[in-house]
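These are the residues of each chain, in order.
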Amino acid sequence: MTVDLRTRYLGLELRSPIVASASPLTGDATSARRLDEAGVGAIVLPSLFEEEILNDEIGLNKSLETGAGQFAEALEYFPTVDSLPGVGDRYLANLAAIKAASSVPVIASLNATSAGGWVRYAKLVQEAGADALELNLYRVAADPSKTAAEMDAADLDLIAKVRSSVTIPLAVKLSPYYSAFSNFAGEAVARGADGLVLFNRFYQPDLDLETLGVVNSLELSQPGELRLPLRWIAILRPQLGAKVSLAASSGVNTGTDVAKELLAGADVVMMTSALLRKGPGHVRTVEAELRAWMDSKEYESVAQLRGSASQATAANPSAFERANYMQTLHSWSSTEN
Ligand SMILES: Cc1cc2nc3c(=O)[nH]c(=O)nc-3n(C[C@H](O)[C@H](O)[C@H](O)COP(=O)(O)O)c2cc1C
């Protein structure tokens, strides 16, 4: 039996539900090409970070000011900030080049903390040819004067502003750290998100015991991490309805991992750590495993598979919520030790 892997994500027709999430692999033209050749359904570029743009502009302004003080008459020869190729321009040029060389949709990613310049960059990535935009919301709620409601409102405002500035589809990549996640997810959709990417992975700083300095070490994800998006996609799929796209991101390594996320209700399943460990060609292995599993269970298409074990359809719906907590604790057996 030939298994039909086509899926729809953010209104785009994809040949496969296996998508390469934002990472250095997707931002490099050669590895993006290899991901395409290996069969990914879409490519999400690494994020353009607000801080990068700000640092760039502050640095340029400083050097222009220094120049102005020392060589006033030479100032007219300085190019303006807007005309220098900065981080943003390089991002847009790279996006256009990867898009031109790709046979699959290319999704740009912006990591923003404030609305300001993002509206401009959202427009620019659209002009550069992005098929969709992923807005990556990454914040740490460390300010004790800000309530959860205020922080949520700021994020929702950002989503609405970016939404109204572009016509391409918009996905929002979220962290799991919202006080009332289902409510926030629904509000994000109400502000115009066409889809949600669950989840952004937070990197926790460590301490160096010799220098007492903070160590920022990036660890790739572990297989068990797929359960966090699995639960939330299963819960959100019936709540948000079939029109809202859901992407699972975290801990996906194998074809059966992909099958689980699709069963829970994901439209696409994203991979980064597994591809960084094993290379872009790993997409072929994952696709073959997915096909073999679907074939063995007589699923003909992703459409048939998707959501058939979400909370709406699962044999035990409460298992995705708190009811499972006690059973899970009680399932521990001392003989396993
Ligand atoms: C080296 C590296 C770079 C990443 N860069 C980005 C990024 O620029 N933007 C983003 O939204 N996520 C970024 N991520 C997060 C991944 O897209 C992904 O969401 C996360 O790694 C969880 O998926 P995984 O378990 O398949 O790795 C990065 C991850 C890694 C390991």
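Provided above is the structure to which this section pertains.
Q: Just checking my understanding: could you explain the pairing of strand E12 (residues 268-271) for this structure?
A: Both faces of the sheet carry side chains from a regular strand, because those side chains alternate between them. Alternating positions in E12 separate into two faces, Val 268 and Met 270 on one and Val 269 and Met 271 on the other, with burial throughout. The pairing of strand E3 (residues 18-20) with E12 spans 3 bridges and is parallel. Across the sheet, residue Ile 18 finds its bridge partner in E12, namely Val 269. For the crossover that starts at strand E11 (residues 245-249), traverses helix H9 (residues 255-264) and ends in the parallel E12, the hand is right-handed.

Q: How should I be thinking about the site of the ligand in this particular structure?
A: In the vicinity of the ligand there are 21 residues, among which Ser 47, Asn 136, Ser 221, Gly 251 and Ser 273 approach most closely. Between the ligand and Lys 173 there is a distance of 2.9 Å, counted from an oxygen atom to a side-chain nitrogen or oxygen. In this structure, an oxygen atom belonging to the ligand sits 2.9 Å away from a main-chain N or O atom of Thr 272. Relative to its free-state accessible area of 610 Å², the ligand is covered by the protein chains to the extent of 91%.

Q: Is there a simple way to think about the side chain of Ser 165 in this case?
A: Looking at the element boundaries, Ser 165 is found in helix H6 (residues 148-165). A residue is classified by how much of its surface remains accessible, and Ser 165, at 11% relative accessible area, is buried. Of note is the side chain of Ser 165, whose polar atom sits 2.8 Å from the backbone oxygen of Val 162. When neighbours within four sequence positions are excluded, Ser 165 is seen to be in contact with Val 119, Ala 122 and Lys 123.

Calculation notes
- Residues numbered from 1 in each chain as written.
- Predicted model: local features only at pLDDT ≥ 70, side-chain atom pairs only at ≥ 80, totals over all residues.
- Heavy atoms only, no water.
- Buried < 20%, exposed > 50% of the residue type's maximum accessible area, 1.4 Å probe, protein only.
- Helix = DSSP H or I, 4+ residues; strand = E, 2+ residues; numbered from the N terminus.
- Pairing = 2+ DSSP bridges.
- Right-handed = clockwise from strand over helix to strand, strands pointing away.
- Near = heavy atom within 4 Å.
- Polar contact = N/O pair within 3.5 Å; in protein donor to acceptor, adjacent residues only side chain to side chain.
- Areas by Shrake-Rupley, 256 points an atom, 1.4 Å probe, with all protein chains shown as cover.
- Contact = heavy atoms within 4.5 Å.

Functional significance is not addressed by these values, which are geometric in nature.
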